[in-house]
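Here are the chains, one letter per residue:
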There are 2 protein chains.
Amino acid sequence: MNDAEIIERWRANSEPWTRAVREGRIGSRLLATDAAVVEAVLARKPARVLDIGCGEGWLARALAAQGIEVLGVDAVADLVEQARRAGGGRFEVFSHEALAEGVLDERFDVCVCNFSLLGEASVDRLLAKMPDLLTAGGALIVQTLHPPTVDAAQPYRDGWREGSWCGIDADFQAPAPWYFRTVESWVRLFVDSGLRIESLREPMHPRTFVPLSLILVGERT
Amino acid sequence: MNDAEIIERWRANSEPWTRAVREGRIGSRLLATDAAVVEAVLARKPARVLDIGCGEGWLARALAAQGIEVLGVDAVADLVEQARRAGGGRFEVFSHEALAEGVLDERFDVCVCNFSLLGEASVDRLLAKMPDLLTAGGALIVQTLHPPTVDAAQPYRDGWREGSWCGIDADFQAPAPWYFRTVESWVRLFVDSGLRIESLREPMHPRTFVPLSLILVGERT
């Protein structure tokens, strides 16, 4: 399990994934996490947003519909192609590594990563680059699985985990692995990358009050 | 269940609690949380520390043994009396409310609350006062039960909960209630009180990797 394998696996799943998102097959997204990330971005009142790991583009479209100028980037060309066809923003094929190496010479009021920081070194390097991608007072917003809740049976420590399509009914290939980080590690990654924690949110299932995700908002210092 | 009842219940339990701490009967403390809070305080290299809710005084003594000048305060007079007898620092009977009202005209490099922020309004008011109790660059360090892990069967939202002596073998009276806060709420409380999150730690059971507590370190901004 490594950073490169993540991209390979998502390439193989780009078509069923696009359908699953567009047909509303992911319960936690409908219940809480889609609205939560949109709300977190809009709360910053940004003029320009970079959607990193935009996938088929739903979030970019939702933000563009609010009058925001959005650039969506993803390492998987098929997903970017799907996003372009649906419109609503600029879309480019850029990996986390390419962003970390400075492929983009632009700054944004918000960089948002919605369940798209899945790797180890690629994510560390992307975060380290964040101050160069943000305007003064700009913010990074990351939504990720809620670390203590996602699988409480596993040891609570950073490390690679097997992926799963659990809870999504669609015709997938093998899922991508992902690098698990504790809440402690997420906060450290932000602080070490020059981002001050402005808020941390825990979107919940509206009836069971089980946390469905973690959203970190970090301001460029 | 309210802030005042917390103090009443701890008054009734001051003697068995003192024995339980001094006889090392609280497994999670021995395994991880005692060392974690001491380490978090020492990492700030403070000259002067305020131990808020010091209880029978073990933490004040541990810090004083490192050459730090410590003032321990607690709302329960019997616990302060136990702390004075054991020595190792100054000890005073001050409630969170008294601190919030400005009873102390001193500043500290670290204010530490080790499992001692148990109330609702009393805690909100104490935190709001924190900038007046800290030196420039000073920090508040709070250790509390790990919110998502402490009782995953309960709805994950702020509110009063019944206390429990679970895991501590001693001759206690009825336990104190406490006001549960999510991680999101803890972070908001710090940020709203003018404290920048410097780190968030999740001390773990050294073998099972279950998080045993949450430590928040907030710097005065």
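Note that the structure is a prediction, hence the values are computed from the model and not measured.

Caption draft 1: Geometry of the packing of helix H2 (residues 14-22) of chain B against helix H5 (residues 77-86) of chain B. Residue and element names in this part refer to chain B. Taken N-terminus to C-terminus, the directions of H2 and H5 make an angle of 40 degrees; their axes are 9 Å apart at the nearest point. With respect to their mutual orientation, H2 and H5 come out oblique. As for the relative orientation of H2 and H5, their crossing is right-handed in sense. Only Asp-78, Leu-79, Gln-82, Ala-83 and Ala-86 of H5 make contact with H2, whose side of the interface consists of Ser-14, Trp-17, Thr-18 and Arg-22. Split by residue class, the contact of H2 with H5 holds four nonpolar, three polar and two charged.

Caption draft 2: How the structure looks around the pattern of salt bridges. By the definition in use, this model includes 32 salt bridges over all chains. Residues A:Glu198 and A:Arg44 are paired through a salt bridge, measuring 3.8 Å at the closest nitrogen-oxygen approach. A residue pair is termed long-range when its members are at least 10 positions apart, and A:Glu198 in strand S8 (residues 195-201) and A:Arg44 in the loop between helix H3 (27-42) and strand S1 (48-52) qualify at 154 residues. By relative accessible area, which is 29% here, A:Glu198 ends up partly exposed. Given a relative accessible area of 22%, A:Arg44 falls into the partly exposed group. The salt bridge involving B:Arg48 is made with B:Glu69; its shortest N-O contact spans 3.2 Å. Taken together, the residues span a long stretch of sequence, with B:Arg48 in strand S1 (residues 48-52) and B:Glu69 in strand S2 (residues 69-74) at a distance of 21 residues. In the salt-bridge network here, residues are joined through shared partners; they are A:Arg44, A:Arg196, A:Glu198 and A:Glu219.

Caption draft 3: Representation of the sheet that holds strand S9 (residues 214-220) of chain A in the model. All names here are of chain A. Strand order in the open sheet formed by seven strands is S3-S2-S1-S4-S5-S9-S8, with mixed pairing between adjacent strands. Taken across any chain shown, the strands that pair with only one partner, and hence form the sheet edges, are strand S3 (90-93) and S8. This sheet shows a mean twist of 20 degrees between the axes of neighbouring strands, independent of strand direction. As paired elements, strand S5 (residues 134-144) and S9 share six bridges and run antiparallel to each other. Within the sheet, the bridge partner assigned to Ile-141 lies in S9 and is Val-217. The strands touched by helix H5 (residues 77-86) within the sheet are strand S2 (69-74) and S3, with S3 carrying the most contacts at an inclination of about 170 degrees.

Caption draft 4: Representation of the relation of the copies chain B and chain A within the structure. The two copies are related by a screw motion: chain B maps onto chain A through a turn of 180 degrees and a shift of 0.0 Å along the axis, at an RMSD of 0.0 Å. Given the turn and translation reported, the copies of this chain are related as if by a two-fold rotation axis. Mapped onto chain A, 100% of the interface residues of chain B again fall at the interface, so both copies present the same surface.

Caption draft 5: Seen up close, the interface of chain B and chain A. Contact with chain B, which involves 22 residues of that partner, is made by 22 residues of chain A. At the surface where chain B touches chain A, the tally comes to zero salt bridges. Inspection of the chain B/chain A interface yields eight residue pairs in polar contact (both at pLDDT 80 or more). For the side of chain B that touches chain A, the secondary-structure elements that each account for two or more residues are helix H8 (147-150), helix H9 (183-192) and strand S8 (195-201) of chain B. Take the side of chain B that touches chain A: its biggest share by element is six residues, from S8(B).

About the thresholds
- Residues numbered from 1 in each chain as written.
- Chains lettered and ligands numbered in written order.
- Predicted model: local features only at pLDDT ≥ 70, side-chain atom pairs only at ≥ 80, totals over all residues.
- Heavy atoms only, no water.
- Axes fitted to C-alpha atoms, helices over the stretch in contact; angles between N-to-C directions.
- Helix = DSSP H or I, 4+ residues; strand = E, 2+ residues; numbered from the N terminus.
- Parallel < 35°, antiparallel > 145°, perpendicular 65-115°, else oblique.
- Left-handed = near helix turned anticlockwise from the far one by under 90°.
- Contact = heavy atoms within 4.5 Å.
- Nonpolar A, V, L, I, M, F, W, Y, C, P; charged D, E, K, R; others polar.
- Salt bridge = Lys/Arg side-chain N within 4 Å of Asp/Glu carboxyl O.
- Buried < 20%, exposed > 50% of the residue type's maximum accessible area, 1.4 Å probe, protein only.
- Pairing = 2+ DSSP bridges.
- Least-squares fit on C-alpha atoms with pLDDT ≥ 70 in both.
- Polar contact = N/O pair within 3.5 Å; in protein donor to acceptor, adjacent residues only side chain to side chain.

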